[in-house]
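# Topology and contacts: notes
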Amino acid sequence: MDHGMLPWRGYDMKERLTKHFDIRFSHCDRNGRLALHELFKMMQECAVLHAHELGVGMQRIAVTNQTFVLSRAVINILGMPSMDERIEITTYPAGIERLFFIRDFEMHCNGRLFASARTLWLVIDIASRRPDRNLARQVDFPFNTNDSLGLVNPEKPGVPAKTEPVFVSRVRYSDIDILGHANNSAYIRWTVDCLGEEFFRSNERYSMTVCFSSEMTDGEVLEIFHDDNLIMGRGSEGRETFR
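Residue numbers restart at each chain and count upward from 1, following the sequence in its written direction. In keeping with the predicted nature of the model, local features appear solely for residues at pLDDT of at least 70, side-chain atom pairs appear and are counted solely at 80 or more, and the whole-chain, interface and lining totals rest on all residues. As a rule here, side-chain values cover all heavy atoms of the structure and leave hydrogens and water aside.

## Here we look at the environment of Ala-47
Heads up, the rule is: Only DSSP runs of H or I covering at least 4 residues are called helices, and only runs of E covering at least 2 are called strands; the numbering of each starts at the N terminus. Exposure categories follow from relative accessible area, calculated using a 1.4 Å probe and restricted to protein chains: below 20% of the type maximum is buried, above 50% is exposed, and the middle band is partly exposed.
Counting through the fold element by element, Ala-47 comes out in helix H1 (residues 36-53). By relative accessible area, Ala-47 is classed as buried at 7%. Sequence-wise, Ala-47 and Gly-57 are ten residues apart; in three dimensions their C-alpha atoms are separated by 9.3 Å.

What follows is the structure in structure tokens.
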């Protein structure tokens, strides 16, 4: 395994990536606003595209048996856009802390900031599924920050006090992504289902922090625990999957 390869060399690096999305019927919740899990899919697409432009895209680092996975995220919603509106998502690397690659997002609609987010990504070894430190030690691409957003690195949320699950689900084939595990947007969808319609109808503005603890695979049973503002998922043998 040649960890000495510097995959970003020879690339014309763009410090930021901006991509536009049209909000379609299939992107909206029952209130006609962009659904949170659909926004996460769009953010993920932007992150994947920008990583490719920076020379550390999925196919590029797969040569050294590595891949990026989302570990933590905090997102601040100021009011979701509605169907037929066009949004603009801008993303950029914001630094490295220990093993975490920090990536920030700014999201606008009609010139208005409607959301911002900070995400922490890990590079893992594809075979062992363990964190791989080598890429973090080698990268030399530009970092940006926008202090006006007030973004901070997400901390791990607390654990719900209630010990009985509020609902039980099963990971389906459609939840699985190209890495062979449930995509991060599936965890957000489960969280949205747990919070329910009343929360999103009553809260135009809110913040959410999520920590992805372990992978879930096709057919695995998921138990969701919810107490006040705390949500936690447990998979096989009671192991924590997210909170």
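## Quick look at the packing of H1 against helix H4 (residues 184-202)
Helices that pack against each other are described as a pair by the angle of their axes relative to one another and the distance between those axes. Operational definition: Between N-to-C directions, angles span 0 to 180 degrees; the directions come from axes that are lines fitted to C-alpha atoms, helices contributing only their stretch in contact. Between 65 and 115 degrees an angle is taken as roughly perpendicular, under 35 as roughly parallel, over 145 as roughly antiparallel, and anywhere else as oblique. Left-handed is the label given to a crossing in which the near helix is rotated counterclockwise from the far helix by less than a right angle, and right-handed is the label when the rotation is clockwise. Should any heavy atoms of two residues lie within 4.5 Å, those residues are considered in contact. Just so you know the grouping, Ala, Val, Leu, Ile, Met, Phe, Trp, Tyr, Cys and Pro go in nonpolar, Asp, Glu, Lys and Arg go in charged, and all remaining residues, Gly too, go in polar.
With their axes 8 Å apart at the nearest point, H1 and H4 run at an angle of 165° to one another. The pairing of H1 with H4 is recorded here as roughly antiparallel in orientation. Between H1 and H4 lies a crossing of right-handed hand. Where H1 abuts H4, its residues Leu-36, His-37, Phe-40, Lys-41 and Gln-44 lie against Asn-184, Ser-185, Ile-188, Arg-189 and Val-192. In terms of residue class, the contact of H1 with H4 is built from four nonpolar, four polar and two charged.

## A look at a nonpolar patch on the surface
Our working rule: A patch consists of residues exposed above 30% relative accessible area that lack any salt bridge, with like charges linked at up to 9 Å and nonpolar side chains (Val, Leu, Ile, Met, Phe, Trp, Tyr) linked at up to 5 Å. Each accessible area is a Shrake-Rupley result for a 1.4 Å probe, and residues are judged covered by the shown protein chains and nothing else. By convention in these notes, a salt bridge is any Lys or Arg side-chain nitrogen within 4 Å of a carboxyl oxygen on Asp or Glu.
Together, Val-48, Met-58 and Ile-178 make up a nonpolar patch on the protein surface, roughly 290 Å² of accessible area in all. As for its placement among the helices and strands, Ile-178 is situated in the loop between strand S6 (167-170) and H4.

## So, the pairing of strand S2 (residues 66-77)
Inclusion rule: Two strands pair if DSSP finds at least two bridges between them.
Judged by how many residues are buried, S2 sits mostly within the fold: twelve of twelve residues are covered. Two elements, S2 and strand S5 (residues 112-125), share eleven bridges in a ladder whose sense is antiparallel. Bridge pairing links Ala-73 to Thr-119 in S5. The sheet contact formed by S2 and strand S7 (residues 206-211) spans six bridges and is antiparallel. Bridging across to S7, Arg-72 finds its partner in Cys-211.

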